[in-house]
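Geometric and topological summary
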Amino acid sequence: MAIEKLNEANALIKIEVSNDIIDAKKEKVAKKFAKQVKVDGFRKGKVPVSVVKKMYGEAIEKEAIDELIKEEYEAGLKELNIKNEDIIGEPIFTKFDRGEDKTEIEIKVSLKPKVNIEGYEDVIPEVELPKVKKKEVKEKIKEYAKNVAEPVDSDKEVAENGDIAVIDFEGFIDGKEMENGMATDYPLELGSNSFISGFEEQIVGMKVGEEKEIKVTFPEEYGAKEIAGKEATFKVKLKKIQEKQVPEIDDDLAKKLLQMEDATVDTLKEEIQKELMDAKKVELFAPKKAELVEALLEKFEFDLPDTVVEKEAEMVINQKAQTLKEDEIKELTSNEEKLKAFQDEAKEEAAKKVKLTFIIDELAKKEGIDVSDQEVLQVLYFEAMRSGQDAEKVYEYYKENNLLPAIKMSMIEDKLLNTLLDKKAK
């Protein structure tokens, strides 16, 4: 056996086993098989070794070689002073040559790289923070106050945009009552566009007590296919008009918005100030994150585990291939030079991604940045709800496809970059 430390993140274990040694190991394995297997005509444990060899020859040889490789591999790791926790990814067989006299094997082992992040603060760009004006805080509080406004009965006689029209309605298509097309005392905010296009506009101008027939056409892409694209007639009665009563901006509103018993208007202003500043930071930090990432990649140099880079390169190639048209794929696969350039570009991109992952991991430890599984779950649920998908199904998909660690790493990266940029924000 020969061992070679290729660099700080990769090692090569070269194993050479003579066929005499393999034959001796096969003999031991065959005797073990003879004690374990069941063969008709023989009592268990009494099967002749010659019969076992004839029946299980391939399995015996495979197990014998596997045992020898394991012994030599573990000896190689010990000689290199490599512990199991130092290894990243699966070892790769780069050579397996079963010759007439001997078997030659080479196993490549990738190790967790040693990343020295000393001086990382030097590459964090300075960011000049904008100020949050009192006017912005005031406007945001007014906005939130409107959002929690309670509807109250109005003495208005004619419905206008922005009013809440309390209506009874019944829908018909082709003269037949619509399924689930009827409601009483339904509060419809005019101008909210929560009903079929054209419905709310025809309520505007109605008088309290007035009854009216409203005709609308359901969109072709409407969810319920049986009524998509069809014209419907709604019998509508305007029963009363309500208006939203915006609450006073006082301590009671602060308690309601912040869900804090001891909240005051001053507390609310402080929270809104922080919220607005966070929003400004998000906008300001976005372009700076890419700048910081490039600076970190350029500052730190260390050896990367080849097996991890190669696996990432495969993923990059697959992702890029999915964006190519059929004729572009044909051109790529038929041109060796272009294919090599495509693969080299993917490998370079993969190396950057892997390198950044290790840098982020070390920096996150240094800065005490972490993301809990609950936080990951909340993000997935929010994204699912925002896109109208089933949150449980989305979560199960990510879980089954082992995508949760990547989501978590992405969240840690974003949280870390924000923390670093905040250090130099003025």
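See the structure above.
So, here is what we can say about the structure in this document.

Cut-offs used in this document
Residues numbered from 1 in each chain as written. Predicted model: local features only at pLDDT ≥ 70, side-chain atom pairs only at ≥ 80, totals over all residues. Heavy atoms only, no water. Patch = residues over 30% accessible without salt bridge, like charges linked within 9 Å, V, L, I, M, F, W, Y side chains within 5 Å. Areas by Shrake-Rupley, 256 points an atom, 1.4 Å probe, with all protein chains shown as cover. Salt bridge = Lys/Arg side-chain N within 4 Å of Asp/Glu carboxyl O. Lys, Arg positive; Asp, Glu negative; His and termini not counted. Charge placed at Lys NZ, Arg CZ, Asp CG, Glu CD. Helix = DSSP H or I, 4+ residues; strand = E, 2+ residues; numbered from the N terminus. Buried < 20%, exposed > 50% of the residue type's maximum accessible area, 1.4 Å probe, protein only. Phe/Tyr/Trp six-rings, centres within 6.5 Å; stacked < 30°, edge-to-face > 60°. Pairing = 2+ DSSP bridges. 1 Å grid on protein atoms, 1.4 Å probe; cavity = no way out; pocket = protein on both sides within 12 Å on 5 of 7 lines; lining within 4 Å. Points joined across faces, edges and corners; volume = space filled by probe spheres on them. Nonpolar A, V, L, I, M, F, W, Y, C, P; charged D, E, K, R; others polar. Contact = heavy atoms within 4.5 Å. Axes fitted to C-alpha atoms, helices over the stretch in contact; angles between N-to-C directions.

**Quick look at a negative patch on the surface**
- A contiguous patch of negative charge, built from Glu-248, Asp-250, Asp-251, Asp-252, Asp-266, Glu-270, Glu-271 and Glu-275, is present on the exposed surface.
- Mapped by element, the contributors of at least two residues to the negative patch are helix 5 (251-258) and helix 6 (265-299).
- A per-element tally of the negative patch places helix 6 first, with four residues.
- Looking at where Glu-270 falls in the secondary structure, it is placed in helix 6.
- A relative accessible area of 56% means that Glu-270 is categorised as exposed.

**What to know about the packing of aromatic side chains**
- Enumeration over the complete set of coordinates arrives at 10 aromatic pairs.
- For the ring pair Phe-199 and Phe-234, a centre distance of 5.3 Å and an interplane angle of 90 degrees mean the geometry is edge-to-face. You can see Phe-199 sitting in helix 4 (residues 199-203) and its partner Phe-234 sitting in strand 9 (residues 231-245), a full 35 residues away along the chain. Accessibility assignment for this pair places Phe-199 and Phe-234 in one class, buried.

**Here we look at the pairing of strand 3 (residues 92-98)**
- Where strand 3 lies against strand 4 (residues 102-110), six bridges are found, and the strand directions are antiparallel. The residue of strand 4 that forms the bridge with Ile-92 is Lys-108.
- Counted between consecutive antiparallel strands, the loop separating strand 3 from strand 4 contains three residues.

**Digging into empty space enclosed by the protein**
- The tally for this structure, following the rule as stated, stands at one cavity of 30 Å³ or more.
- The computed volume of the largest cavity comes to approximately 30 Å³.
- Contributing to the lining of the largest cavity are Asn-193, Phe-195, Ile-196, Ser-197, Gly-198, Phe-199, Glu-200 and Glu-201.
- The class makeup of the residues in the lining of the largest cavity is three nonpolar, three polar and two charged.

**Some details on the environment of Phe-172**
- By secondary structure assignment, the location of Phe-172 is in strand 6 (residues 164-173).
- Residues Phe-172 and Glu-271, 99 residues apart in the sequence, show an inter-C-alpha distance of 50 Å.
- Here Phe-172 is in contact with Glu-177, Met-178, Glu-231, Ala-232, Thr-233 and Lys-235, once residues within four sequence places are set aside.

**Here we look at the pattern of salt bridges**
- If you walk through the whole model with that rule in mind, you get 42 salt bridges.
- Of the charged contacts in the structure, one is a salt bridge between Glu-71 and Lys-25, with a shortest N-O distance of 3.0 Å. Of this pair, Glu-71 sits in helix 2 (residues 49-79) while Lys-25 sits in helix 1 (residues 19-36), and the two are 46 residues apart along the sequence.
- Given the relative accessible area of 41%, Glu-71 is considered partly exposed.

**A closer look at the layout of surface pockets**
- The calculated volume of the largest pocket comes to roughly 1400 Å³.
- Taken together, 41 residues form the lining of the largest pocket, with Val-308, Glu-312, Lys-353, Val-354 and Thr-357 sitting closest to its centre.
- At the level of secondary structure, the elements contributing two or more residues to the lining of the largest pocket comprise helix 7 (306-322), helix 9 (336-367) and helix 12 (404-423).
- With 10 residues, helix 9 is the single largest residue contributor to the lining of the largest pocket.
- Among the residues making up the lining of the largest pocket, the classes are represented as 19 nonpolar, eight polar and 14 charged.
- Lining the second largest pocket are 18 residues, and of these Met-178, Glu-179, Gly-181, Phe-218 and Ile-227 sit closest to its centre.
- Within the residue set of the lining of the second largest pocket, elements represented by two or more residues are strand 6 and strand 7 (176-189).

**Thoughts on the sheet that holds strand 3**
- In space, the four strands of this open sheet follow the order 1-2-4-3, with antiparallel pairing throughout. This sheet does not close on itself; its edge strands, each paired only once, are strand 1 (2-7) and strand 3. Across the sheet, the axes of successive neighbouring strands diverge by a mean angle of 10 degrees, strand direction being ignored.
- Its contacts with the sheet put helix 1 on strand 2 (10-18), strand 3 and strand 4, and the angle it makes with strand 2 is roughly 80 degrees.
- Against the sheet, helix 2 contacts strand 1, strand 2, strand 3 and strand 4, and its axis sits at roughly 135 degrees relative to strand 2.

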